[in-house]
Structure formats: C-alpha cells, structure tokens
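Here's the letter readout for the chains.
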Amino acid sequence: MAKFLLLLAVSFAFFYWFFSKIGVKKRGNKEVVDTIKCERCGVYAARSEAIVKGGRYYCSKECAEMKG
Ligand SMILES: [Zn+2]
C-alpha cells in the first residue's frame, strides 16, 4: 500500500510539473494577444469573453447594449 501511494505521489508530481510548464507557456501568449479594452467602461477583458458589436469590443453584454 505504501508503495502504491509513493507511485501515486510521483506520478502526480510529474503531471503537475508537466502541465505547469504548458500553462506558463500558454498564459504568456494570452496576455499579449487576447486582451481588449471595453469601449464603454474602459475595463480590460479577455477577447474570448468580450462582446463584439459594430466592430467594437465590450467587456460584457450590459456594456454592449447600453446606449448614449
Ligand atoms: Zn464594459
């Protein structure tokens, strides 16, 4: 049983190391490319979560639909 737990801990450590390495690489790209500024309130938001309306980016549906 102790051997099994050791094996589990080692494989967990390996996967943690492996995925954190990928995560850092991905996050580095995302910060530069995928950030937009909301036309309404000026908040910076992720492009994947932003609303595009009339060629402009908004942080949320509320901002996109607000007028004036
Ligand atoms: Zn906004």
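Coordinates for the structure precede this section.
Everything numeric in this text was worked out from a predicted model, so none of it was measured.

Engineer: I tried to follow the overall build of the protein on my own but got confused; where do I start?
Structural biologist: Summing up its helical and strand segments, the protein has two helices and four strands in all. Starting at the N terminus and walking to the C terminus, you meet the elements of the protein as α-β-β-β-β-α. Relative to its 68 residues, the protein shows a buried fraction of 6%. Within the protein, contacts between residues separated by at least 24 positions form 6% of all contacts whose residues are at least 6 apart in sequence.

Engineer: So what exactly am I meant to see when it comes to the environment of Arg56 here?
Structural biologist: On the secondary structure map, Arg56 appears in strand β4 (residues 56-58). Along the primary structure Arg56 and Glu39 are separated by 17 residues, whereas in three dimensions their C-alpha atoms are 6.8 Å apart.

Engineer: What's the story with the environment of Ala46 in this structure? I'm lost.
Structural biologist: Counting through the fold element by element, Ala46 comes out in strand β2 (residues 44-46). Spatially, the C-alpha atom of Ala46 lies 8.0 Å from that of Cys59, the residues being 13 residues apart in sequence.

Engineer: Looking at this structure, I do not really get the environment of Thr35. What am I missing?
Structural biologist: Structurally, the position occupied by Thr35 is in strand β1 (residues 35-37). By the C-beta count within 10 Å, which is 13 here, Thr35 ends up partly exposed. Residues Thr35 and Ala50, 15 residues apart in the sequence, show an inter-C-alpha distance of 8.9 Å.

Rules used in this analysis
Residues numbered from 1 in each chain as written. Predicted model: local features only at pLDDT ≥ 70, side-chain atom pairs only at ≥ 80, totals over all residues. Helix = DSSP H or I, 4+ residues; strand = E, 2+ residues; numbered from the N terminus. Buried ≥ 20, exposed ≤ 12 C-beta atoms within 10 Å, placed from the backbone. Contact = placed C-beta atoms within 7 Å.

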